[in-house]
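Architecture at a glance
Residues per chain, in single letters:
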Amino acid sequence: MPVPLFNTSDPIAPLRERIDAAIRGVLDDQRYILGPNVAAFERELAGYVGARHAIGVANGTDALTIALRAMGVGAGDEVVVPSFTFYASAEAIPPTGARPVFCDVDPDTMMVTAETVRPALTPRTRAVVAVHLFGNVAPVREIEALGVPVLEDAAQAVGSTVDGAHAGALGTAATFSFFPSKNLGAFGDGGAIATSDDAIAERVRMLRFHGSHDKVTYEHVGYNSRLDELQAAILRVQLPELDRWANGRRAAARAYEEAGLGDVVTLPVATAGAAPAWHLYVVRCERVDELAAALRAAEIGHKAYYRVPIHRQPAMLELAQSVDLPVTDDLARTHLAIPMSPVLTVDQAAEVASAARAVLAPVS
Ligand SMILES: Cc1ncc(COP(=O)(O)O)c(C=O)c1O
């Protein structure tokens, strides 16, 4: 039985008529930029996350740059960021004028902690980007206790919670991506920034709109970076389904555990109190090439997302000259994403586990 790496189409299928109607509504209304659907989605997303404000932007990468600038990050500053994440988490920093400073991650959760951030702090540190990697939730409060503002990169973690609070409502501000394969996916690019700080929200609204309130007076050099009305209308249909989908992802993770997958590979570890809406289910294994070959032979989707971590990417080499991140290097070498979706079945999880068992001896 082939098992795809992710399944975005089956969860969406029952919503198709409502999505078509939402698209027709926008076409009938003919307000395509910053119209009523964007305003409503911003209210609904803020309510869902538990933040005072949510502001739609063009994608999750712009969201990071704009949020950092709205938090006051600029030329001469440093921003601490993990290297074991998608490239955009760091790529978004230089456009603010600041320099990314790469830090290591915890080997169990694969995310930043106060301990991994502390050695990267200097008097120039202006913010930490805490990436909620793979849908897990980074310990934001613990990092903020170091005395530095945290921007949550929640691109992979919409729907995840920790002690009942949503990822995206934990730090000074948070960013989301609605890239189509994400937990909440648009039919194109999209992103958002959440914050409960009124002044930051105000700056974000201006920065996404050419640094202006009214397109008459321009107070900042900003961006043309808006979530468009069609995407907002589509996302509004999906948002009420998000918790059900998140529960489906959690059930899929349980199915892997119950199928004994943890006997042959290292399973992802949720942070204390977290209920991750696993965006990707990423296991670790020393014999990862053999595992990948076995999954390929069984037509089971798999992918190594960050084999070359960001501090070793050509564009970042100059910024990362004396950086030594042993845990990141180890995770980069040994990680592998296996199928995950809200509709992954117990049988599919068992199929993946048995393909893994067939090539890997049980961990003693
Ligand atoms: C952790 C992380 N940060 C940022 C982004 C950037 O989002 P986007 O692709 O919407 O620009 C992504 C996703 O692509 C991501 O996974």
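Here, every reference points to the structure presented above.
Residues numbered from 1 in each chain as written. Predicted model: local features only at pLDDT ≥ 70, side-chain atom pairs only at ≥ 80, totals over all residues. Heavy atoms only, no water.

Take the overall build of the protein chain next. Within the protein chain one finds 13 helices and 12 strands. Against the compact-globule benchmark of 21 Å for 364 residues, the protein chain has a radius of gyration of 20 Å, which places it among compact chains. Here the C-alpha coordinates of the protein chain stretch approximately 65 × 55 × 35 Å along the principal axes. Looking at the protein chain residue by residue over its 364 residues, the buried ones come to 56%. Taking contacts inside the protein chain between residues at least 6 apart in sequence as the whole, the part at least 24 apart equals 69%. Of the roughly 15000 Å² of accessible surface on the protein chain, a fraction of 51% belongs to carbon and sulfur atoms. Distance from the positive charge centre (31 side chains) to the negative charge centre (43 side chains) of the protein chain: 3 Å. (Helix = DSSP H or I, 4+ residues; strand = E, 2+ residues; numbered from the N terminus. Rg over C-alpha atoms; globule rule 2.2 N^0.38 Å. Buried < 20%, exposed > 50% of the residue type's maximum accessible area, 1.4 Å probe, protein only. Contact = heavy atoms within 4.5 Å. Areas by Shrake-Rupley, 256 points an atom, 1.4 Å probe, with all protein chains shown as cover. Lys, Arg positive; Asp, Glu negative; His and termini not counted. Charge placed at Lys NZ, Arg CZ, Asp CG, Glu CD.)

All right, on to the packing of helix α2 (residues 16-29) against helix α9 (residues 229-238) then. As a packed pair, α2 and α9 sit with axes 9 Å apart at the nearest point and diverge in direction by 150°. Between α2 and α9, the interaxial angle falls into the category roughly antiparallel. Judged by the sense of rotation from one axis to the other, the crossing of α2 with α9 is right-handed. Where α2 approaches α9, its residues Arg-18, Ile-19, Ala-22, Ile-23, Val-26 and Leu-27 are matched on the opposing element by Glu-229, Leu-230, Ala-233, Ile-234 and Val-237. Of the residues that constitute the contact of α2 with α9, the class distribution is nine nonpolar, no polar and two charged. (Axes fitted to C-alpha atoms, helices over the stretch in contact; angles between N-to-C directions. Parallel < 35°, antiparallel > 145°, perpendicular 65-115°, else oblique. Left-handed = near helix turned anticlockwise from the far one by under 90°. Nonpolar A, V, L, I, M, F, W, Y, C, P; charged D, E, K, R; others polar.)

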